[in-house]
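Coordinates in review
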Amino acid sequence: MKPIDYVYIETTNYCNLQCSFCNRDEVIGPLQHMTLFNFESLLEKIKDHPVKEAKLMGMGEPFLHPKFDEICKLFKQYFPDAKLISATNCQYTITPVFERALEYIDYLYFSIDGYEDSYETYRPPSKWSKLIKFLNRFKEVDRKGCTVAVNYVVNSGNVDDIQPVYDHIVKAYKLDELRLNIAQEWNPDKSMPSGYTEEQLEYLKNNWSSMIKGRAVWDYKNCFWPERGLYVTVEGRVLMCCMNTAAEEFGNIFSSSVDTIRKGKKFRLVAEGCKQNNPTDHCKTCSYKELAPLLSRLGLL
C-alpha cells in the first residue's frame, strides 16, 4: 500500500443547487459544515503522507462554508507545496471569504455546463443572470495567482453550447482554461448517460479533443484511489473514491487512523480486486470503466 498523495475532502454538504446529474439527495446526511477542529484533526492524521494534490469539494458548494478561507489556509499550513483545487457554481454573491480563499487555492473550477437556457436546465435552480453578475464582479477580484478554469460537463444536450461558452465566458472574462468532462453517472445502480449522435461525436473529436479530460486506456488495475487516494465526506466517512458516493463507508477518520481504515478487510478486498483486474461489487458498475471507450472514440489516449 502506497502513501497517500491525493486527497479529496468534502468540507460542507450545503448546496444551493439541485444539479441534474448529482445524487446528493440519496447519499448525504444532515446538512453541516466541517468544523475547523475536525478539519485540523483530519490533517493531523495525514500530515506524514506526501500529499501532492488536494480537492476541497464534494456534495456541497465549498464557498457556502462560512470559514472556507480558513479551511484553505489551514490546509496550506500543513501542505504548503501541494496543489490545492476547489470548485464553485458561481450562484452567489462574492464575499470577502471568497477573495481571501484565492490566496491559498491554486486551481479553481467554475462549473458552467451550458449557455443561457441550457445552463439553467442542467444546474437548477441556477440563473444565467446570476452567473453573469458573479463573473462581472469577479473581473474586479485579485486572483492572487489562482488559475481559474471553466469546468464543463458535456452531455448530448449541451454539445452546441461549448463554443459560445468558450467565446463569451472563457475568453471574454479572461479565464485560463476550458475543461471538458464527459458526463458520468454518480449512481452506481444506473448506466452512464449517452445519447450522442455520430455528428456530435465527430464534432467533439475534431474540435475539442484537446480540452476533454480523462484517460481512454484505463482498466480497474489503473485506478489510483485504492493505493494512494483518500476521499472523506463532511462527516468524516472514508469512501474509496468520488465515483461511488453511495457506497458504505470503510471507517470514520475522526475516530480511526488512516492506516487502520486502509488496512481494514473491506478496504483491502476492494483494493485487491482492482489490482487483480477482478473488481468486487463495489467497483463493477464504475462509470469510468464505461467512459473509457467513449474517450477513445473522441481521440483521447
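Residues numbered from 1 in each chain as written. Predicted model: local features only at pLDDT ≥ 70, side-chain atom pairs only at ≥ 80, totals over all residues. Heavy atoms only, no water.

Notes on the overall build of the chain
- When helices and strands are tallied, the chain shows 12 helices and 8 strands.
- Taken across its 301 residues, the chain has 54% of its residues classed as buried.
- Across the chain, every contact between residues at least 6 apart in sequence was considered, and the portion connecting residues at least 24 apart equals 74%.
- Counting only carbon and sulfur atoms, one obtains 49% of the accessible surface of the chain, whose full area is about 13,700 Å². (Helix = DSSP H or I, 4+ residues; strand = E, 2+ residues; numbered from the N terminus. Buried < 20%, exposed > 50% of the residue type's maximum accessible area, 1.4 Å probe, protein only. Contact = heavy atoms within 4.5 Å. Areas by Shrake-Rupley, 256 points an atom, 1.4 Å probe, with all protein chains shown as cover.)

Quick word on the sheet that holds strand β6 (residues 177–182)
- Strand order in the open sheet made by the 8 strands is β6-β5-β4-β3-β2-β1-β7-β8, with mixed pairing throughout. Both outer strands of the open sheet, β6 and β8 (238–239), are each paired with one neighbouring strand and no more.
- With 6 bridges connecting them, strand β5 (residues 147–154) and β6 associate as parallel partners. Bridge pairing in β6 places N151 opposite R179.
- Sitting on the sheet, helix α7 (residues 162–171) is in contact with β5 and β6, with an inclination near 160° to β5. (Pairing = 2+ DSSP bridges. Axes fitted to C-alpha atoms, helices over the stretch in contact; angles between N-to-C directions.)

Some thoughts on the pairing of strand β7 (residues 229–232)
- Side chains G229 and Y231 of β7 all project onto a buried face; the interleaved residues L230 and V232 project onto the opposite face, where all are buried too.
- Of the pairings in the sheet, the one linking strand β1 (residues 6–9) to β7 comprises 4 bridges and is parallel in character. Looking at the pairing, V7 lines up with L230 of β7.
- In the sheet, β7 pairs with β8 via 2 bridges, with the strands oriented antiparallel. Opposite Y231, over in β8, you have L239 as the bridge partner.
- Linking β7 back to β8 in an antiparallel pair, the connection comprises 5 residues, with G236 at a positive phi of about 95°.

Considerations on the packing of aromatic side chains
- Applying the stated criterion across every chain, the model contains 24 aromatic pairs.
- Ring centres 5.1 Å apart and planes at 80° place the aromatic pair Y6 and F224 in the edge-to-face group. Of the two residues, Y6 sits in strand β1 while F224 sits in the loop between α8 (198–208) and α9 (225–228), which places them 218 residues apart along the sequence.
- A relative accessible area of 25% means that F224 is categorised as partly exposed.
- Centroid distance Y92 to F134: 5.4 Å. Interplanar angle 80°. Geometry classified as edge-to-face. Placement of Y92 in the loop between β3 (83–88) and α4 (96–101) and of F134 in helix α6 (residues 128–138) is noted, with a sequence separation of 42 residues between them.
- The buried category is assigned to F134, whose relative accessible area is 2%. (Phe/Tyr/Trp six-rings, centres within 6.5 Å; stacked < 30°, edge-to-face > 60°.)

Some details on the nonpolar core
- Of all hydrophobic cores here, the largest spans 99 residues; its most connected members are F75, F110 and F138.
- Among the elements that line this core, the one with the most residues is helix α3 (residues 68–78), at 6 residues.
- Not counting residues up to four positions away in its chain, the partners in contact with F138 are I94, F98, L102, F110, R143, V148 and L175. (Core = buried A, V, L, I, M, F, W, Y, C linked by side-chain atoms within 4.5 Å.)

What about empty space enclosed by the protein?
- Counted under the stated rule, the structure contains 1 cavity of 30 Å³ or more.
- Empty space within the largest cavity amounts to approximately 60 Å³.
- If you trace the largest cavity, you find it lined by E10, N13, V27, I28, G29, M59, Y231, T233, E235, R237, L239 and T245.
- Classifying every residue of the lining of the largest cavity gives 5 nonpolar, 4 polar and 3 charged. (1 Å grid on protein atoms, 1.4 Å probe; cavity = no way out; pocket = protein on both sides within 12 Å on 5 of 7 lines; lining within 4 Å. Points joined across faces, edges and corners; volume = space filled by probe spheres on them. Nonpolar A, V, L, I, M, F, W, Y, C, P; charged D, E, K, R; others polar.)

Digging into a nonpolar patch on the surface
- A cluster of nonpolar side chains, contributed by Y14, L31 and L64, occupies part of the molecular surface with about 240 Å² of accessible area.
- Topologically, L64 is positioned in the loop between β2 (53–56) and α3.
- The exposure class of L64 is partly exposed, given its relative accessible area of 31%. (Patch = residues over 30% accessible without salt bridge, like charges linked within 9 Å, V, L, I, M, F, W, Y side chains within 5 Å. Salt bridge = Lys/Arg side-chain N within 4 Å of Asp/Glu carboxyl O.)

Considerations on the state of the cysteines
- Inspection of every chain in the model, using the stated rule, returns 0 disulfides.
- Of all cysteine sulfurs, the one in C19 lies closest to C90, which takes part in no disulfide; the gap is 11 Å.
- C241 carries a free sulfur, and the closest cysteine sulfur to it, the one in C242, is 5.9 Å from it.
- Overall, the relative accessible area of 9% leaves C241 in the buried class. (Disulfide = S-S within 2.5 Å.)

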